[in-house]
Amino acid sequence: QVQLVESGGGLVQAGGSLRLSCAHSGSTFSIGAMAWYRQAPGKQRELVASITRGGSTNYADSVKGRFTISRDNAANTVYLAMNGLKPEDTAVYYCYARHFLTHYDYWGQGTQVTVSS
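Values in this document were obtained by computation on a predicted structure and should not be read as measured data. (Residues numbered from 1 in each chain as written. Predicted model: local features only at pLDDT ≥ 70, side-chain atom pairs only at ≥ 80, totals over all residues. Heavy atoms only, no water.)

Here we take up the nonpolar core. If you look at the biggest cluster of nonpolar residues, it comprises 28 residues, and the most contacted ones within it are Met 34, Trp 36, Leu 80, Met 82 and Tyr 93. Residue assignment for this core shows that the elements contributing at least two residues are strand E3 (18–24), strand E4 (31–39), strand E5 (46–51), strand E7 (67–72), strand E8 (77–82), strand E9 (91–99) and strand E11 (111–116). No other element matches the 4 residues that E9 contributes to this core. (Core = buried A, V, L, I, M, F, W, Y, C linked by side-chain atoms within 4.5 Å. Buried < 20%, exposed > 50% of the residue type's maximum accessible area, 1.4 Å probe, protein only. Helix = DSSP H or I, 4+ residues; strand = E, 2+ residues; numbered from the N terminus.)

The following block contains the structure:
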């Protein structure tokens, strides 16, 4: 069973930065695409950014130019660097991973990001 462990959330002022990390317990070759989702109070969960095993990335329009997703396969870790944070970025951020062979979905426990005005 693959497990995802997230860290790096917290409270930051508008315009500030945070870096989220997500480490998975699977072998390097077991995990394919990974992604970050977020869910704000009263809203549905939305895709923030995704990255393939080869490093191709996609971003939600609302975070383009401000957020950067990356991964270190040797360390079994995916990152989300968040710059120029806005109050509307406040949400619980969830790490996602897909098993390369079985296509089974794995989810992290979520980490809170709060951006103050």
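The topology assignment puts Val 12 in strand E2 (residues 10–13). Between the alpha carbons of Val 12 and Ser 117 there is a distance of 9.2 Å; along the sequence they are 105 residues apart. The residues touching Val 12, leaving out its near neighbours within four places in the chain, are Ser 17, Leu 18, Leu 85, Thr 114, Val 115 and Ser 116. (Contact = heavy atoms within 4.5 Å.)

With the rule as written, the count across this model stands at 4 salt bridges. Across the salt bridge formed by Glu 46 and Arg 38, the nearest N and O atoms sit 2.8 Å from each other. Judged by its relative accessible area of 35%, Glu 46 falls in the partly exposed class. For Arg 38, the salt bridge identified is with Asp 89, shortest N-O distance 3.0 Å. (Salt bridge = Lys/Arg side-chain N within 4 Å of Asp/Glu carboxyl O.)

Regular strands place their side chains on alternate faces of the sheet. Of all 6 residues in E8, 5 are buried, a share of seventy percent or more. Here E3 pairs with E8 via 6 bridges, running antiparallel. Paired with Leu 20 across the two strands is Leu 80, which belongs to E8. Pairing between E7 and E8: 6 bridges, direction antiparallel. (Pairing = 2+ DSSP bridges.)

What follows deals with the packing of aromatic side chains. A full pass over the atoms with the stated rule returns 4 aromatic pairs. Following the ring pairs from residue to residue traces out a cluster consisting of Tyr 37, Tyr 96 and Trp 107. Arg 19 extends its terminal NZ or CZ atom over the ring of Tyr 79, reaching a point 4.0 Å from the ring centre. (Phe/Tyr/Trp six-rings, centres within 6.5 Å; stacked < 30°, edge-to-face > 60°. Lys NZ or Arg CZ within 6 Å of the ring centre and 35° of its normal.)

Another aspect to go through is the state of the cysteines. Simply put, the disulfide is a covalent bond whose two ends are the sulfur atoms of two cysteines. Within the structure shown, the criterion is met by 1 disulfide. One disulfide bridge connects Cys 22 with Cys 95, the sulfur atoms lying 2.2 Å from each other. An S-S torsion of about -85° defines the bridge between Cys 22 and Cys 95 as left-handed. Of this pair, Cys 22 sits in strand E3 while Cys 95 sits in strand E9, and the two are 73 residues apart along the sequence. For Cys 95, a relative accessible area of 0% gives the class buried. (Disulfide = S-S within 2.5 Å.)

Just geometry here; none of it tells us what the structure is for.
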